[in-house]
Amino acid sequence: MLKEIEDIKAKYPDTRAALLPALYIAQKEFGWLSLDAMKAVANALNLPESDVRGTASFYSMFRLKPAGRNLIQLCTNISCMILGAERLRDLLKDRYGLLPGGTTEDGRFSLVIMECIGACGTAPAMLVNTDLYENLTEHNIAEILGKYK
Amino acid sequence: MITLTINGKEIRLDKPVTVLKAAQQAGIKIPTLCNHELLKPFGGCRLCVVEVERMPKLMTSCTLMAADGMVVRTESDTIADVRRAILEFLLINHPLDCPVCDKAGECELQDAVMQYGPPTGRFIEEKRKVRESHDDPILARNMERCIVCTRCVRMCEDVQGASAISMIERGGRTVMEPFSSRSFNCEYCGNCITACPVGSILSRLYMHSYRPWQMDKEVETICGYCGVGCSFVAQVRDESIKRVIPRIGFGMNNGLLCSKGRFGYGFIEDSGRLKTPLIRKGDALVESTWDDALDLVAEKLTEIKDSYGGRAIGGIASARCTNEDNYVFQKFMRVACGTNNIDSISRTGYAAAQKYFEGLLGQGINANIIGGIKRSDMVLVLGGDPASVNPVLGLSIRAAAKAGAEVAVIGHAPGLERYKTINVLPPLFKEADILEALLLEVFRARGNRGESHAIDRAVSEFDKEYSGKTDMHGLEELKDKLLKSDSISIVFGMDLVQRTDGHRALFATAGLTHLLEARLYLLSERPNEQGVIDAGCVPDMLPGGRPLGIPDFRRRYEDAWKRPIPDTEGMTLMEMIEGAKKGDMKALYIMGDNPVFNLPDRTFIKESLASLDFLVVQDIFLTETAELADVVLPALGWPEKSGTYTNLERRIQLLRKTVETTSGMDDWSIISRLSCRMGYDMLYTDAENVMDEISRVSPLYRNLSYKEISDKECLWPYNGEPLRGEAKDIKVIKEKSRDYDADLYLALDKPLFHSGSISQRSPGLMDISPEPRLKIGTRLAEKMCLKDGDNVIISADRGSISIRVSIDPCVNGKVVLMSNNFKEKGALGIMGYNLDPVTKAPGIEGCAVTLRRG
Amino acid sequence: MEKFLLRNTENPNSADIEEYIKTGGYKNISKAFELQPSDIIEEVKKSGLRGRGGAGFPTFMKWSFASADKKFPKYLICNADEGEPGTFKDRPILEKNPHLLIEGMIISGYALKAEYGYIYLRGEYPYAYDVMNQAVRDAYDKGYLGDNILGKNIKFNLVVHLGAGAYICGEETALLDSLEGRRGLPRNKPPFPVNAGAWGMPTIVNNVETLANIPHIIEIGADAYSKIGFPDCPGPKLYCVSGHVEKPGVFELPMGISLREIIYDYAGGTKNGKKLKAVFPGGISAPVLPADSIDCAMDFVSLPKAGSMLGSAAVMVMDETVCMVKIAHRAMKFFERESCGKCTPCREGTEWLRKILERIENGRGRNEDISLLTDISNNIFGKSFCALGDGAAGVMKSILKHFRAEFEEHIKEKRCRFKQKD
Ligand SMILES: Cc1cc2nc3c(=O)[nH]c(=O)nc-3n(C[C@H](O)[C@H](O)[C@H](O)COP(=O)(O)O)c2cc1C
Ligand code: SF4
Ligand code: FES
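Small disclaimer: the values here were computed from a predicted structure and weren't measured.

Chemist: Looking at this structure, how should I read a nonpolar patch on the surface?
Modeler: Residues and elements named next belong to chain C. Residues F57, M61 and F65 make up a contiguous nonpolar surface patch of about 260 Å² in total accessible area. With respect to the secondary-structure elements, M61 resides in helix α4 (residues 59-68). Residue classification places M61 among the partly exposed positions, given a relative accessible area of 30%.

And the structure:
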């Protein structure tokens, strides 16, 4: 992890700019950004820890609490909403017991409600980890999620 | 020249400022919330909006730069409407708990609402809830009241440079966190309390105890913790200090304080304060009366003087006492006791360094204006952490770094860890080597200044004698940067004086200061280290730094004091103590210090003091030293007295009596009563009266009066005579560093939250830092499998101490650091020492220790 | 119209550098390098190109301010944050035509004497991140990026920087703070980024689509370019259509085409032929237009006259089944969530609006709520620090203006009529 962060530093005129990339790396490594993970980033970049935490907490894609193995990022913004995204959200709750911001008991999925993910033309849409799924329906969503263990 | 019109009034500006500032200059008030004088404009709250002709939108005056020809209106119906709307927005989530909020009465939001706010609320939804946080010592945080002005964050980051506070989350969920020193770098300066316009950040020391309008008095005074001497206002009720608040525009601290200054005043009300004089009866010290105690002291001192002569009596003055106290003390010693054996604990650091530097480079060399640091393009920090020893001076270094200055640190300075730009890592205890090498590199690159100073000759001679080449990590870079810089500040800490070969580092630093035309600063742990010297509490100088050995000077003082002054130089601090052990010294008079605790080698010091025929201790607590005394005289703490302190810039400042007490007596007053009893009358009416005399006799304080001190800045030489010149000849001693090959050494830590032992009697500081810790490096911790908070026993040949560890990545692997503040757990007690033959300061480096779990 | 921005994107390998070169790609670099940097800026001026990021600011103006500044290095930043809900127009360029963007940035960098470029890409586009990174690597390998481009003494280095989920980081100054590794809070202006932007240096921030237009201007010349579409702000434009239409998608059309044409001729009309109710013509920060206003031209000049803005040209179509209170509520939830928190009106106002709308939607509205909503919107509008707050207030006001009756109905009936259909 430290090596990767070192490499990134070289891309910017100032080390602080490597903070977002470094947080991504730490998040990948630890699954989420615990205080310890953020401390490691702070040390690697010689930044105050509070700054690292303040910055991380600003961005919705950084997870400051433990997350499940697979992260469902479901868009419910207007284009997705009017084409049924809220029904999908309810379905996740009913079928998997998955609430926005929550994680399934078996740790398989976490759900985050997203603002627009830029798939409005193929709404409703979601990202599972880094895979994009479009034109979701109550039928195909179960099949898609079945691929993630 | 910029000319603009605000509310029909024409305003001329010499330099560009914001519209808000321009209005303020013209006496026009614009309401603000996120704006703060010490901080850069933010423009978030939107309360300061104004109308500007030819601009379509309302503009925030705090961010808008005034431009020529601008026409501004700061009040109109539209503006009032917007301000009302902004305040309504702020109030929807702000709890209306003014009746229980400690900020009520001085809350900026409350004030703004009174003037512009909506009469009733239209918000019927539920307010945001945020739990009140008690996670921090001293600070109570109530983010429900937060209005997201971010002043605390900006204060912490931009001004204090601690960066312990950040905005967490975003939008309406934003809160200001995390503070806590446990895992974030909060320095508990409390400047965020100053910054917060509402009741979100408060000091627990005064919460729920009073209302700001219920004060009996407000006293403008200065802090008595360190040699910076910050100004503040103490608020007092029922003769008890309720809080201190720094004021913008006052003193060189301009609105800032450190943890000690802000939270450290509680010691004055400690239950352990001495109330009556004590006299030894066998093994016990029993309560007595002033008359009996003073009579006894007078009798004993006279007896010893008569039998052994003045040389058998010594006096230890105090850098926590005022100039007036110290002046009276040395006069008493010299004239009534007939001895020049006068020194202070400052000999272990400041006084030793000051004497050396002044001797080489001339009087006043080590005292420069703190503000100059900010304007440096390079700061070299040697042997100490300014950010903890003199925190507010430390801020100037951080500010310089933020403005782009290079910062190099030689020594342990965790407070500058994020600010240093050059890494120099000399081997353990061999800082002198690198400084000498640096001096030669600079000399070879630039030559001497060609004005034929003694120091120039000494450096050339040193160059000739020097053989080896020092090749150390970072040296080259440091040299290059030094040579490139135009304006260099050297900040010199006492760690390098407390060395057996401390004079080497001092010589090299003196040479560098001279060749680079640098400004030199000495870190000063106590409030009046410069003053104690100025007042003449040194064995070789009369008040005003006039050498005792020069008959002319001596005669002047003899004329003024109407008594002869012994003509031989007295003994220095350690010589007196060692003299006691040898039996040459029969009586010691110790005013306001605690050598048993504050000097190395506890057993030896105790034995020495026990060998005396007579020991007098004047203090506010029954210290380890007072416990050994024959007579103990209760004195006053600095918030209880009037007088002056001279800070490390040689700025003379007024200490104003803040609270009345019946516990003790002014130090100068005790001494003068005693003096009268010994047949030399001192009839001072008050401290000001003492200063009148000082200003008549001391060339440095010539014609100085309390009135002038309170009216303007007073730095010596004050209407003074010319200062003393530099040395005529300097003897160069070329030595090699000793080798240090033990596995582990103990070194002295200077913590941020403590100073001397009074800080431990201050509940505020004890809340922040309740116990001593042994700081160990990461590697050692790993090797010994130690976690933060684990207990260890540290043993040196002078004793062992059981203490908990804390892991500090900035600590060199071969040392452990321990402070000398906590009773029974002072590092100095178990360390031995060797006197530096030149400076006479005790060298404490190279104290080998072992560590085991326990 | 011949496609330029989306040229060859039906080809599944369009992102491949070889494929791009084969179809004429990277030729415009050599052509541009024959011109003086100032000539290119002049061409861009003559072309009439306006920024496609939302505000429609004339591109050459930004460029000339930045080139007039004597400080170096200068930075060229591509705003690929595409955060405006309903917007997915930059995505096809990023995913399918990455080299067009790179080519545009190389030429722009040359024109602006900016030797360092960053693409600030939203975190929500992991696929585009991979494609862009690969494309940048390939361009380096082929010598289009680096210290000696095409063997000439011309330097341009490019880094793809991933955002992490914050709409406000699309605002150019917040983007700079974010790029520097901070919380994305908008900065005070002045100084403007063109004088003191990234790391305090002169910085040009342009949208993906804006930069992707540059090769075209070089290719066909400013004169020909300026004749495409609406003369006041010419050029090809990407419109992205979503919501209740038969054929949603991104369409490259000449600037100034009418909203009706876009919906009915290109996006296949409303879904299942239902009645059109309202359209966001430029993302949810642009005021809503009711069904009877769709004959206006979709460009930076005409839409403001019709009471809205082109914004990101994200056309979101809503049919009669949609509840406008709910739309307003969802929009405010977005603004509340995405408000950075720096300024009072936006931070507190969006939350307050959302809470009131939630109440009305749930049948607990009060008569005074409508005037309260209006008041709050007015109190935000023009008082916030950046345009996010204005956007929120503007949209709220437009919905209230055109669909006030629906609010009254909710309040009166104490329920939402649309909910039951669901
Ligand atoms: C709240 C807010 C969000 C924005 N988001 C984006 C965005 O996602 N992408 C973008 O290109 N411009 C966005 N902008 C506009 C940018 O501030 C800026 O005007 C644009 O990047 C300039 O590029 P252009 O001149 O090529 O249009 C946003 C502006 C605001 C106020
Ligand atoms: S309008 Fe204000 S709070 Fe909202 S995003 Fe802009 S600066 Fe932040
Ligand atoms: S004081 Fe100007 S915006 Fe807050």
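Chemist: Just to check I follow, could you spell out the site of ligand 1 for this structure?
Modeler: Residue and element names in this part refer to chain C. Ligand 1 sits among 18 residues. The nearest are G53, N79, E172, N207 and T210. N206 is positioned with one of its side-chain polar atoms (N or O) 3.0 Å from an oxygen atom of ligand 1. Between ligand 1 and N207 there is a distance of 2.6 Å, counted from an oxygen atom to a side-chain nitrogen or oxygen. Of all the secondary-structure elements, those providing two or more residues to the shell around ligand 1 are β4 (203-207) and α15 (387-413).

Chemist: Even after reading the chapter, I still don't get helix α14 (residues 369-380) of chain C, so can you show me in this structure?
Modeler: It helps to recall that an α-helix has 3.6 residues per turn; residues three or four apart then point in one direction. Residue and element names in this part refer to chain C. The end-to-end C-alpha separation of α14 is 16 Å, in line with the 16 Å expected for 12 residues at 1.5 Å each. The complete set of buried residues in α14 reads D369, I370, L372, L373, I376, S377, N379 and I380. Positive phi shows up at G382, right after α14, with a value of about 80°.

Chemist: Can you walk me through the interface of chain A and chain C in this structure?
Modeler: In many reports, interface size means the accessible area that the parts give up when they come together. Across the contact, 40 residues belong to chain A and 55 residues belong to chain C. Of the roughly 3,600 Å² buried where chain A meets chain C, counting both sides, 59% is carbon and sulfur surface. On the chain A side of the contact with chain C, F58, I78 and E115 of chain A bury the most area, a combined 18% of that side's loss. Where chain A packs against chain C, one counts 4 salt bridges. At the boundary of chain A and chain C, one finds 21 residue pairs in polar contact (both at pLDDT 80 or more). Taken together, the elements giving at least two residues each to the side of chain A that touches chain C come down to α2 (19-30), α4 (49-58), α5 (78-81), α6 (85-96) and β2 (109-114) of chain A. Residues belonging to the side of chain A that touches chain C are distributed by class as follows: 23 nonpolar, 10 polar and 7 charged.

Chemist: Explain the site of ligand 2 to me, please; I cannot follow it from the model alone.
Modeler: Near ligand 2 you find 13 residues, and of these C340, C343, C346, F385 and C386 of chain C are the closest. Considering only residue class, the shell around ligand 2 consists of 8 nonpolar, 4 polar and 1 charged.

Chemist: Quick question: what am I supposed to make of the interface of chain A and chain B here?
Modeler: Across the boundary between the two partners, chain A contributes 13 residues, which contact 16 residues of chain B. Roughly 1,200 Å² of surface becomes buried between chain A and chain B when both sides are summed, with 48% attributable to carbon and sulfur atoms. A salt bridge links R53 of chain A to E177 of chain B; the nearest nitrogen and oxygen atoms lie 2.9 Å apart. Connecting chain A to chain B are 5 residue pairs in polar contact (both at pLDDT 80 or more). It is α4 of chain A that provides the largest number of residues to the side of chain A that touches chain B, a total of 7 residues. Taken together, the residues that form the side of chain A that touches chain B break down as 5 nonpolar, 5 polar and 3 charged.

Chemist: Where do I start with helix α7 (residues 126-141) of chain C in this structure?
Modeler: Taking 1.5 Å per residue as the helical rise, α7 of chain C with its 16 residues ought to reach 22 Å, and the 23 Å between its terminal C-alpha atoms agrees with that figure. Along α7 of chain C, the residues classified as buried are P126, A128, V131, M132, N133, A135, V136, D138 and A139 of chain C. Where α7 of chain C is buried, its residues contact β3 (126-128) of chain A together with α1 (17-22), α5 (90-96), α6 (98-112), β2 (116-121) and β3 (157-162) of chain C. Just past α7 of chain C, the residue G143 of chain C takes up positive phi, approximately 80°.

Chemist: In this structure, what is going on with the environment of E624 of chain B? I would like to understand it.
Modeler: Residues and elements named next belong to chain B. Among the secondary structure elements, E624 is positioned in the loop between β25 (614-619) and β26 (631-634). For E624, the contacting residues outside a window of four places in its chain are N594, V596, F597 and K823. Looking at E624, its side chain comes within polar contact range of the side chain of N594, at 2.8 Å.

Chemist: Got a minute to help me understand the domain arrangement of chain A in this structure?
Modeler: What the domain assignment reports for chain A is domain 1 (2-58) and domain 2 (70-146). Distance from the C-alpha centre of domain 1 of chain A to the C-alpha centre of domain 2 of chain A: 29 Å.

Chemist: How should the pattern of salt bridges be read in this particular structure?
Modeler: Where charged atoms from two side chains of opposite charge come close, those side chains can pair. Evaluated as defined, the whole model comprises 101 salt bridges over all chains. For the salt bridge of D540 of chain B with K355 of chain B, the shortest nitrogen-to-oxygen distance reads 3.1 Å. Here D540 of chain B is found in the loop between α17 (529-534) and β22 (541-542), whereas its partner K355 of chain B is found in helix α9 (residues 350-361), with 185 residues between them in sequence. By relative accessible area, which is 41% here, K355 of chain B ends up partly exposed. Salt-bridge contacts for R504 of chain B lead to E436 of chain B; the nearest nitrogen and oxygen are separated by 2.9 Å. Remark: E436 of chain B occurs in helix α13 (residues 431-446) and R504 of chain B occurs in helix α16 (residues 502-515); sequence separation between them is 68 residues. With a relative accessible area of 2%, R504 of chain B lands in the buried category. Residue E436 of chain B is classed as buried on the basis of its relative accessible area of 2%. Each of the salt bridges in this network shares a partner with another, and the network as a whole consists of E125 of chain B together with R359, R366, E368 and D369 of chain C.

Chemist: What am I meant to see in the sheet that holds strand β9 (residues 314-319) of chain C here?
Modeler: Residue and element names in this part refer to chain C. Reading across from one edge, β6-β5-β9-β7-β8 is the order of the 5 strands in this open sheet, with mixed pairing throughout. The open sheet is flanked by β6 (249-254) and β8 (289-290), the only strands paired with a single partner. With 2 bridges connecting them, strand β7 (residues 276-280) and β8 associate as antiparallel partners. Bridge pairing in β8 places A278 opposite P290.

Calculation notes
Residues numbered from 1 in each chain as written. Chains lettered and ligands numbered in written order. Predicted model: local features only at pLDDT ≥ 70, side-chain atom pairs only at ≥ 80, totals over all residues. Heavy atoms only, no water. Patch = residues over 30% accessible without salt bridge, like charges linked within 9 Å, V, L, I, M, F, W, Y side chains within 5 Å. Areas by Shrake-Rupley, 256 points an atom, 1.4 Å probe, with all protein chains shown as cover. Salt bridge = Lys/Arg side-chain N within 4 Å of Asp/Glu carboxyl O. Helix = DSSP H or I, 4+ residues; strand = E, 2+ residues; numbered from the N terminus. Buried < 20%, exposed > 50% of the residue type's maximum accessible area, 1.4 Å probe, protein only. Near = heavy atom within 4 Å. Polar contact = N/O pair within 3.5 Å; in protein donor to acceptor, adjacent residues only side chain to side chain. Expected span 1.5 Å × (residues − 1). Contact = heavy atoms within 4.5 Å. Buried area = accessible area lost by both parts, 1.4 Å probe. Nonpolar A, V, L, I, M, F, W, Y, C, P; charged D, E, K, R; others polar. Domains from an automatic or database assignment. Pairing = 2+ DSSP bridges.

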